[in-house]
Structures are given as C-alpha cells and as structure tokens.
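Spelled out, the chains give:
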Amino acid sequence: MLLRASSNATDREVDLASAVGQGSAVGVDHGDLLLRYAEIANRDPFEASALADEMLAAVGPAGLVEAAATIAIFNGLVRSADAIGIPLDDVVMGSTADHRSALGINDYAGASQSRAAGV
Amino acid sequence: MPVFDSSTFSHRVPAPILSAFDTVWTGLSCPGAWWTGEERLAIAEVARGARPRLLGEPVPPLGDLDDQPDPVLSPVATEVAHRVATDAGRITPDWAQQAVELLGPGRYAELVAVIVVLMPVDLLCVLLERPLQAFPKAEPGEPSRMIPAGLGEGGAFVPWKVDGWVGPNVARALSYVPADNKTRMDLVASMYAGGEDFVSLVWEHRALARPQVELLAARTSALNECFY
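This report concerns the structure included in the present document. (Residues numbered from 1 in each chain as written. Chains lettered and ligands numbered in written order. Predicted model: local features only at pLDDT ≥ 70, side-chain atom pairs only at ≥ 80, totals over all residues. Heavy atoms only, no water.)

## Considering the overall build of chain A
Note the cut-off: Numbered from the N terminus, helices here are DSSP runs of H or I no shorter than four residues, and strands are runs of E no shorter than two. Contact between two residues is taken to exist if any of their heavy atoms lie within 4.5 Å; hydrogens are not considered. Here the open area of atoms and residues is found with the Shrake-Rupley method and a 1.4 Å probe, where only the protein chains shown may cover a residue.
When its secondary structure is counted, chain A shows 6 helices and 0 strands. When the helices and strands of chain A are read in sequence order from the N terminus, they spell out α-α-α-α-α-α. Seen through its C-alpha atoms, chain A measures out along the principal axes to roughly 45 × 35 × 20 Å. Sequence-distant contacts in chain A: of pairs separated by 6 or more residues, those separated by 24 or more amount to 43%. Accessible surface, chain A as shown: approximately 5,000 Å² in total, 51% of it carbon and sulfur.

Below is the structure:
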C-alpha cells in the first residue's frame, strides 16, 4: 500500500507486480537495480557487494546504506508479523483487496490470520 | 563505550542506527521479562546459526521435543527459534498455538523479540561488509515475569495491547514484552522510518525517495512470503 501511495503522491505510477517478482519497476527511479539488490541481499547477502559499484553510481553511498538498512529491518518486521500472526489493519485490508488477489499475496500462509480475524 | 562504530562498515552508517544497534546489543545479554540473559543469548545463537531446511528434510513436530533445558534452551525453544529465523512465512496458526502452549505466551513473544532485533543488525553488517559482532557476556539476574496491563486477545497468536490502542498492528505485535517492543520500534525508526517520516509520503531530505524505499520493502516482504 505504501509503495502505491508514495508513488501516487509524486504523480507516478508503479507496477506493483514488480514487488512480487513480475514485470519491471517502471515509475521508480533505478527501480530495476533496486529490485536486483533486494533479491541478492535477501537470497545471498554475502554476495550483495557484487552490486555495490552499480548501486553507488546510481544512488550514492548514503542511498546504498538506506537500501541495505531497509532490507535488513524488513527481515525483522516480516518475522514479527508472521511469528506473532498479526492480522492486516482494517484500512489496509480494504484498500488492497484487488491487488492482493491479483498478485497472489492472499495465498501466503499469513493470510489466514487476517481471514480468521474477520478483517 | 559504543559497540558499533561507523568506521567498521564499508560506508558511513547514520548515528541513530548505530545507537539503536548498541541498545539491541546491550539488551541481548540482560534478563528480559521471561528469559535470563544467558537464555536470550542462546536464542540469538540459534537464530544466527540457523539455516533453512533442505527440501524433504524432516521438520520435528514440537510435541515430540523435550521442553527441559539442554543445557540452556530446551529442544522445543531451539526448534521454535529455528523456525522463526528461517521460515516464519510458513508458520501456521496450529503450529504457533502449540508453540505458545509449550513455551507460554511471554516466552514465545520474547523469543520472537530477540530474533527480530538480532537479524536486522546481523544483516546490515553483512550487507555493509562488517564482520558479525561477537555476542556479549550474559548479565546475571532473573526475568521480571511482568505481564503488562491492558493486554487482550486481538486476533494474534499471543495477547497484545488492546486498551486504548491506536496505531498499526505491527507496532503492537510484541506488546506482551514492552521493553523489547520499544527496542524493536526504535530500531525500525532508525533503519526505515519513524514519526513524521513515516506519515510523509514524499521524502526530499533522504538519499532515497519514499517509493524507492517502499519498493525495497515490498520486495523483501514478498521474498519472505509475508502477507502483512
């Protein structure tokens, strides 16, 4: 939801499918590079430095650090959410229904908690 | 003396992140509400060393595991820590219910809390080419076993803050262990966004624009199969 909302706030349209590994990240500056960085940082973090030069050229050292920090903290946040079984917030559930279905996100195991909570 | 120094990373790390990391590190070794410092460090050790199971590798049913310390953590606690660290996206309500029954809600929540603050610290170290920080020595003392006021059932696997709660569910996820939850949310604010940054959809003062950060966050969530 925040990806779509923040893109809309700057009058740009992002392909949300890129977040689930489909399509391309048009509408986000250096989006495809950021996706590649997210992929390697999550799947094989010890190899992520292979993209460091490309990242530095595109977003600079501070951008690289922000990207790494975002990926790192979301590795904690997703575990908080899934291990505690938190249901999706009402407002998000309602506003993302179409996209969740289209992108296959409703098939994730954690979706059952939101359904059980009646959200 | 600070443990995390910016000069040990490949690029300059902002001071609020370093400060939050130091708080995490101090907290790992101190008694919490439900585990001793030694036990919290043992949970951290399991999480740091955990590797995803290979396809077809058997997953031990929690009910078959001993719940007595061996020598610090029980096999049940070790398996729960392994699962949270490596495969949280596939945790089912039945599995979680059994884990909470075996450990108790406080120890389950605090085990999760230890892991979810350790992993961002370790991962940032790896991504910015810094050696993993050695764990501190355990501080003596007993857990407080304090159950916070205002908790209730709210659709999560453990009770959480319900009285007067305003805010996203993720912020109260670990409200059963409020001190650890504060450490976690301070870490989130330093590494992602907090306060005005969180509510503002347009960032002009940061190296990355908000959509760039949200793209990284969304891809990370999807790779971990996180519905929330």
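## So, the packing of helix 2 (residues 37-49) of chain B against helix 3 (residues 75-87) of chain B
Residue and element names in this part refer to chain B. For clarity, the threshold we go by: Lines fitted to C-alpha atoms define the axes, with helix axes restricted to the stretch in contact, and inter-axis angles between N-to-C directions lie between 0 and 180 degrees. In these notes the angle categories are as follows: under 35 degrees is roughly parallel, over 145 is roughly antiparallel, 65 to 115 is roughly perpendicular, and the rest is oblique. By convention, the crossing between two helices is left-handed when the near helix turns anticlockwise from the far helix through less than a right angle, and right-handed when the turn is clockwise. Following the grouping adopted for this structure description, the nonpolar residues are Ala, Val, Leu, Ile, Met, Phe, Trp, Tyr, Cys and Pro, the charged ones are Asp, Glu, Lys and Arg, and the polar ones are all others, Gly among them.
Where helix 2 contacts helix 3, the two axes come as close as 9 Å, and the packing angle between them is 45°. Considering the angle they form, helix 2 stands oblique to helix 3. Crossing hand, helix 2 versus helix 3: right-handed. For the pair formed by helix 2 and helix 3, the contact residues are Ile43, Val46 and Ala47 on the first element and Thr78, Ala81, His82 and Ala85 on the second. The residue makeup of the contact of helix 2 with helix 3, split by class, is 5 nonpolar, 2 polar and no charged.

## Observations regarding the packing of aromatic side chains
All names here are of chain B. Definition in use: Pairing of aromatic side chains here covers Phe, Tyr and the six-membered ring of Trp, requires ring centres within 6.5 Å, and sorts the geometry by plane angle: under 30 degrees stacked, over 60 edge-to-face, intermediate tilted. Exposure categories follow from relative accessible area, calculated using a 1.4 Å probe and restricted to protein chains: below 20% of the type maximum is buried, above 50% is exposed, and the middle band is partly exposed. Here, a charge over a ring is recorded when the distance from Lys NZ or Arg CZ to the ring centre is within 6 Å and its angle to the ring normal is within 35 degrees.
Inspection of every chain in the model, using the stated rule, returns 6 aromatic pairs over all chains. With 5.4 Å between their ring centres and 85° between their planes, Phe4 and Trp25 make a pair best called edge-to-face. Taken together, the residues span a long stretch of sequence, with Phe4 in the segment before helix 1 (15-28) and Trp25 in helix 1 at a distance of 21 residues. On the basis of relative accessible area, Trp25 is assigned to the buried category, the value being 3%. Both rings, one in Trp34 and one in Tyr176, keep their centres 6.2 Å apart while their planes meet at 50°; by these two values the pair is tilted. Taken together, the residues Trp34 in the loop between helix 1 and helix 2 and Tyr176 in the loop between strand 2 (160-161) and helix 6 (178-191) connect sequence positions 142 residues apart. Ring-pair connections join several aromatic residues into one group, and the members of that group are Phe4, Phe21, Trp25 and Phe135. Here Arg206 stacks its cationic end above the ring of Trp203, 3.8 Å away from the centre of that ring. Looking at Arg210, its charged tip hangs above the ring of Phe198, at a distance of 5.6 Å from the centre.

## Re the side chain of Ser6 of chain B
This is how the line gets drawn: Between N or O atoms, a polar contact is any pair within 3.5 Å; within protein, one atom must be a potential hydrogen donor and the other a potential acceptor, and residues adjacent in sequence are included only when both atoms are from side chains.
By secondary structure assignment, the location of Ser6 of chain B is in the segment before helix 1. Engagement of the side chain of Ser6 of chain B in a polar contact is seen with the backbone nitrogen of Val13 of chain B, the distance being 2.9 Å.

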